[in-house]
Structures are given as C-alpha cells and as structure tokens.
Amino acid sequence: MQAARGTSIGTAATDGSRRRRAILLFVLVALTAYAVDQVTKVVAVAELEGRSDVQVLGDLLQLNLVRNPGAAFSIGTSLTPLLSALAAVAALTVLWLSRRLGSKLWAVGLGLLLAGVLGNLTDRVLRAPGAFRGHVIDFLQLPNWPIFNVADICINVAAGLIILQAFRGIRLDGTRESDLPDPPDPTDQEAVEADPDKDSQ
C-alpha cells in the first residue's frame, strides 16, 4: 500500500514538473517569436518605406513593404474590425489551452500560434488608420505567393506542429490516446446483472 502510494506521489510530481517545463517553454517561444515579428516590422517600415523591391536571394526571396488591411492572401480587406475581434478570441483560447500543456511540441506549437496571432493583432490595434482597423505590415515575398511576415510564418509552422501532434495521437498534456484505459465491456456488466450470486462468490 505504501509503495503504491509512493509511486502515485512520484508520478504526480513528475507530471507537475513536466507541465511546468512545458508552460515555461510555451512562454519563452511566444515571447521570442512575438519580439522577432515586431522588431522585423519596425525595421521593415524604417528601411523599406518608399523603396523598390530589395532582392535577398535573387527572385526567390525579396523584401517588398505592403500594408495589408485584410487576412492572409488579402482576403476580407473590409473586415479588419471583425478580423481583430476573431484574433483576440483566438489568443484568449490559446492562453486557456496552455494551462493543460505537458508536451514540448504542443508548447512550441501553441507558443508560435500565440505569437503569430498577437503579432498581427498588434498591427491591427496600433497601426494606421486606427484602433482595430490598422493595416498589417507584410514585407517577405516569394515567387507566386502573397507577401507575408514573421507572424504568418509562426502561424503556419504552428499549424503544422498541431496537425503532427494530432496525427500522432498526443494530447496537450503529453499523454497518448492509446494510453487511455479501455472502456468497460458492457457484456461483463450484463453477465453480473444476470447472475448476481456469481459476483458475490
């Protein structure tokens, strides 16, 4: 009995430590990625305003400053307030889910997702033409692809990690779906109900 109790306490302590490490990783990833996004946008506005395209890797990667009032691919350019509200809800949802973190990959994925959502939300709240109507700063351009920013990269990488974890069957807390106990067999219960004396023997 004492050995079982000690094992249970040890397992709980390990789970708590793992959860704390995952939440710390989530916070560090979110803060770092958000800072990179905001700094690169400030530099882009300061250095690219009024300039023609700047080639970084020939035609493969260019810097081209644009202000996007819509979502990705310039969709919903007249719905900036709605997009801002949806982004705020998404950020709160990620924060709520982060309380259950116990997996490092989930922590990185949700950290990047929060950074990406908050990065573009910051533009919509603080930049011209006004609060919740601001235009998002985009400046990275690939051939035959809409211009994007670091926040967009964070969101896409986060989506990939989340899909990967879901495909692997790993939950937010780090447990696998296959680790869950099997549901009780209803036929066993029916047998007990049919012959109650058998269970009491």
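Residues numbered from 1 in each chain as written. Predicted model: local features only at pLDDT ≥ 70, side-chain atom pairs only at ≥ 80, totals over all residues. Heavy atoms only, no water.

Undergrad: Mind showing me how you'd approach the overall build of the chain here?
TA: If you tally the helices and strands in the chain, you get 6 helices and 3 strands. Ordered by position from N to C terminus, the α and β elements of the chain give α-β-β-α-α-β-α-α-α. Across the 201 residues in the chain, those meeting the buried criterion constitute 32%. For the chain, the proportion of contacts with a sequence separation of at least 24, taken over those separated by at least 6, is 66%. Put simply, the chain shows about 12500 Å² of open surface, and 64% of that area lies on carbon and sulfur atoms. (Helix = DSSP H or I, 4+ residues; strand = E, 2+ residues; numbered from the N terminus. Buried < 20%, exposed > 50% of the residue type's maximum accessible area, 1.4 Å probe, protein only. Contact = heavy atoms within 4.5 Å. Areas by Shrake-Rupley, 256 points an atom, 1.4 Å probe, with all protein chains shown as cover.)

Undergrad: I'm lost on the nonpolar core in this one. Help?
TA: A general tendency of soluble globular proteins is for nonpolar side chains to be buried together. Grouped together as the largest cluster of nonpolar side chains are 32 residues, with contacts concentrated most on Phe26, Leu101, Leu110, Leu112 and Phe139. For this core, the elements supplying multiple residues, two or more each, are helix H1 (2–48), helix H2 (80–97), helix H3 (104–126), strand E3 (136–141) and helix H4 (150–168). Broken down by element, the residue count for this core peaks at 9 residues, all from H3. The contacts of Leu112, once residues within four sequence positions are left out, are Val29, Ala33, Cys154, Ile155, Val157, Ala158 and Leu161. (Core = buried A, V, L, I, M, F, W, Y, C linked by side-chain atoms within 4.5 Å.)

Undergrad: I'm lost on the pattern of salt bridges in this one. Help?
TA: A side chain of one charge can pair with a side chain of the opposite charge if their charged atoms are brought near each other. Following the criterion strictly, the structure yields 4 salt bridges and no others. Its salt-bridge partner being Lys41, residue Asp123 comes within 2.9 Å of it at the nearest N-O pair. Residue Asp123 is found in helix H3, and its partner Lys41 is found in helix H1; the two are separated by 82 residues along the sequence. Its relative accessible area of 0% is what places Asp123 among the buried residues. For Lys41, a relative accessible area of 0% corresponds to the buried category. A salt bridge links Arg67 to Glu49; the shortest N-O distance between them is 2.9 Å. (Salt bridge = Lys/Arg side-chain N within 4 Å of Asp/Glu carboxyl O.)

Undergrad: It is not clear to me how H2 should be interpreted in this structure. Could you clarify?
TA: In an α-helix, one full turn covers 3.6 residues, which means residues spaced three or four apart are oriented alike. With 18 residues, H2 extends 26 Å from end C-alpha to end C-alpha; this agrees with the ideal 26 Å at 1.5 Å per step. Looking only at H2, the buried set comprises Thr80, Leu83, Ser84, Ala87, Ala91 and Val94. End-on, the buried residues of H2 take up no more than an arc of 100°, which puts them together on one face. Across from the buried face of H2, at angles greater than 90 degrees, the exposed residues are Val89 and Leu92. (Expected span 1.5 Å × (residues − 1). Arc of directions from axis to C-beta.)

Undergrad: Before we go on, may I ask you to explain the sheet that holds E3 in this structure?
TA: Paired through backbone hydrogen bonds, the strands of a sheet run either parallel or antiparallel to each other. What the 3 strands build is an open sheet, ordered E1-E2-E3; its pairing is antiparallel. The open sheet has two free edges, formed respectively by strand E1 (54–55) and E3, since each of these has just one partner strand. Bridging between strand E2 (residues 62–68) and E3 involves 5 bridges; their strand directions are antiparallel. Among the inter-strand pairings, Arg67 is bridged to a residue of E3, identified as Ile137. (Pairing = 2+ DSSP bridges.)

Undergrad: How should I be thinking about the environment of Val150 in this particular structure?
TA: Along the polypeptide, Val150 turns up in helix H4. Taking C-alpha positions, Val150 is 9.9 Å from Ile137, a pair spaced 13 residues apart along the chain. Each residue touching Val150, except ones within four places of it in the same chain, is listed here: Val36, Asp37, Thr40, Phe139 and Leu140.

Undergrad: Help me understand unusual backbone geometry in this model?
TA: What is expected of a backbone is that most residues other than glycine have negative phi and most peptide bonds are trans. Cis geometry marks the peptide bond from Ala128 to Pro129, where omega comes out at 10°. Relative to the helices and strands, Pro129 resides in the loop between H3 and E3. The phi angle at Phe132 is positive, at roughly 65°, despite the residue not being glycine. Its place among the elements puts Phe132 in the loop between H3 and E3. In this structure, Asn144 is a non-glycine residue whose phi angle is positive, near 55°. Inspection of the secondary structure puts Asn144 in the loop between E3 and H4. The class of Asn144 is exposed, set by a relative accessible area of 80%.

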